[in-house]
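Tertiary structure, described
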Amino acid sequence: MNVERVEVLPDLWRLGMKSSSEYVDHVNAYLLKTVEGWTLIDTGFPATSEDLVRALNDVTENHGVSEVILTHVHYDHTGGVKQVVQAFGSTVSLHSNEMKLIELTRRALNGHSTYLRAVGIEGEIYDTVRSFFARSLQLFPDSPRTFEDGEVIEGRTGRWKVVHTPGHTPGHICLYNEFNRVLISGDHLLPRETSNVPFYPIPGYAPFRSYLKSLLKVESLKPTLVLPAHGEHFSDVRSRVDYVFKHHEFRLREALESMNGWVDAVGIARGLTWSRGKFDELGPVDHWLAILEALSHAEFLVEVGLAERHRAGKIMYRALSQDVSRIEEELRKLRRSDPS
Ligand SMILES: [Zn+2]
Ligand SMILES: [Zn+2]
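Keep in mind it's a predicted model, so treat the numbers as computed, not measured.

Of the regular secondary structure elements, the protein holds 11 helices and 15 strands. Each of the three principal axes of the protein carries a C-alpha extent, and together these read 65 × 40 × 30 Å. The long-range share in the protein, meaning contacts at least 24 apart out of those at least 6 apart in sequence, stands at 65%.

Put into structure tokens, the structure is as follows:
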């Protein structure tokens, strides 16, 4: 059995799945007993979907899963959704903003979007990204139910509230149990890695600012236990949030420094430090994620007046000032702002 099962709290199971994928080696789904049945939060990889269905039958003693909630629609969270629906007839629910990401992926794949080329995605990366999109699209649920921030799930051991945490994706959600102060954090807040904060061309959506505000939002809930989608559970949310702010401050500095003269997103990404190695040595999907992350940082620098953007075919950025103390100031302002 390739699904590790741990009852982390009464009526709440962690289902750990491993993968041979070069991008993500494991993921945690969570299974929650509710007053009406069982709710599954995320569904793991495509390759672990059959094992997941077997584990669900075991833990629920063949009662199955009445609802699947997706924290977001990345492939390591949606991989088993179709098999679970097929096995149990479950409803699939996600935040309404996640539909925008599904639509964007569909448009990019159908060639209705010039965005990929505009940000400098070409050659091998272009082909890889398109096939990655095609695979992702197959894993998206068919006509899911959508919900908004604040929706409540009546668990057997207290109510769980949907907390909208945009940033990693536009419709990312966490689930929070106010009674025992437990947060199921998806990819929003992780114990070891810092979440990717990708730029998506969705009108009115500012991913970088949204992401940091979403961090403050979960910090203000004061959870005492965080159950992430990757890695072990942890408690010290405050110091983790501090660390993530510092990480992005450093990344903004590097981005600004790389904008001496007009540069595209690939040029900015090349100037950033990546935990997996130098930009030019990353694989095509990591390249794509790095470019989107570079863009979200560049857009924030434009937003606060430290850089400018122009688009003539390609989207290019240039620093207006190298006053890096302004970065610290802007982040401090954000850190002090009302998270709601
Ligand atoms: Zn993700
Ligand atoms: Zn993930």
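Structure's up, so let's keep going.
As paired strands, strand S11 (residues 182-186) and strand S12 (residues 225-228) are joined by four bridges and run parallel to one another. Across the sheet, the residue bridging to Leu 183 is Val 226, located in S12. Running through helix H7 (residues 207-220), the crossover from S11 to the neighbouring parallel element S12 is right-handed.

So, about the environment of Asn 260. Among the secondary structure elements, Asn 260 is positioned in the loop between helix H8 (237-257) and strand S13 (263-264). On the basis of neighbour count, Asn 260 is assigned to the exposed category, with 11 C-beta atoms found within 10 Å. Taking C-alpha positions, Asn 260 is 9.0 Å from Tyr 317, a pair spaced 57 residues apart along the chain.

This part takes up the environment of Asp 51. With respect to the helices, strands and loops of the structure, Asp 51 is situated in helix H1 (residues 49-59). With 49 residues separating them in the primary sequence, Asp 51 and Asn 2 have C-alpha atoms 6.3 Å apart.

Sheet topology places S13 next to strand S15 (residues 314-319); two bridges connect them, and they run antiparallel. Looking at S15, one finds that Asp 264 is bridged to Met 316. Pairing between strand S14 (residues 307-312) and S15: six bridges, direction antiparallel. Across the sheet, Arg 311 pairs through a bridge with Ile 315, a residue of S15. In textbook terms, the turn of a hairpin is the stretch between consecutive antiparallel strands, and for S14 and S15 this stretch comprises one residue, one of which, Gly 313, has a positive phi near 80 degrees.

Read across the open sheet, the five strands follow the order S8-S9-S10-S11-S12; overall the sheet is mixed. Either end of the sheet is taken by a strand with one partner, and the two such strands are strand S8 (152-155) and S12. On average, adjacent strands in this sheet sit at an angle of 25 degrees to one another, irrespective of strand direction. When S8 meets strand S9 (residues 158-164), the two strands line up antiparallel, connected through four bridges. Bridging across to S9, Gly 155 finds its partner in Gly 158.

The geometry of H7 relative to helix H10 (residues 284-303) is characterised by a closest axis approach of 8 Å and an angle of 95 degrees between their N-to-C directions. Taken together, H7 and H10 sit at an angle that is classed as roughly perpendicular. Here H7 contributes Pro 207, Phe 208 and Arg 209 to the contact with H10, which in turn contributes Ser 296, His 297, Glu 299 and Phe 300. Of the residues belonging to the contact of H7 with H10, the class tally is three nonpolar, two polar and two charged.

The next thing to look at is the environment of Leu 12. Tracing the chain through its elements places Leu 12 in strand S2 (residues 12-18). In this structure the C-alpha to C-alpha distance between Leu 12 and Glu 193, which are 181 residues apart in sequence, comes to 24 Å. With residues near it in sequence (within four places) discarded, Leu 12 still touches Tyr 30 and Leu 32.

A few words on the domain arrangement of the protein. Note: interface size is frequently given as the accessible area lost on complex formation between the parts. As assigned here, the protein comprises domain 1 (3-239) and domain 2 (241-334). Here the C-alpha centroids of domain 1 and domain 2 sit 26 Å apart. Between domain 1 and domain 2, the residue contacts involve 26 residues of the former and 28 residues of the latter. Broken down by secondary-structure element, the contributors of at least two residues to the side of domain 1 that touches domain 2 are helix H6 (123-139), H7 and H8.

What follows covers H7. For H7, which comprises 14 residues, the first-to-last C-alpha distance of 20 Å matches the rise-based estimate of 20 Å (1.5 Å per residue) to within 8%. Of all 14 residues making up H7, 10 are buried, and the element is well covered by its neighbours. Buried within H7 are the following residues: Pro 207, Phe 208, Arg 209, Ser 210, Tyr 211, Leu 212, Ser 214, Leu 215, Lys 217 and Val 218. In this fold, the buried residues of H7 make contact with S9, strand S10 (173-177), S11, H8, H10 and helix H11 (325-336).

This next bit is on the sheet that holds S15. Taken together, the three strands give an open sheet; going across it, the order is S13-S15-S14, and neighbouring strands pair in antiparallel fashion. Each edge of the sheet is formed by a strand with only one pairing partner; in this case those strands are S13 and S14. In the packing of H10 onto the sheet, the strands contacted are S14 and S15, and the crossing angle to S14 comes to about 115 degrees.

Parameters at a glance
- Residues numbered from 1 in each chain as written.
- Chains lettered and ligands numbered in written order.
- Predicted model: local features only at pLDDT ≥ 70, side-chain atom pairs only at ≥ 80, totals over all residues.
- Helix = DSSP H or I, 4+ residues; strand = E, 2+ residues; numbered from the N terminus.
- Contact = placed C-beta atoms within 7 Å.
- Pairing = 2+ DSSP bridges.
- Right-handed = clockwise from strand over helix to strand, strands pointing away.
- Buried ≥ 20, exposed ≤ 12 C-beta atoms within 10 Å, placed from the backbone.
- Axes fitted to C-alpha atoms, helices over the stretch in contact; angles between N-to-C directions.
- Parallel < 35°, antiparallel > 145°, perpendicular 65-115°, else oblique.
- Nonpolar A, V, L, I, M, F, W, Y, C, P; charged D, E, K, R; others polar.
- Domains from an automatic or database assignment.
- Expected span 1.5 Å × (residues − 1).

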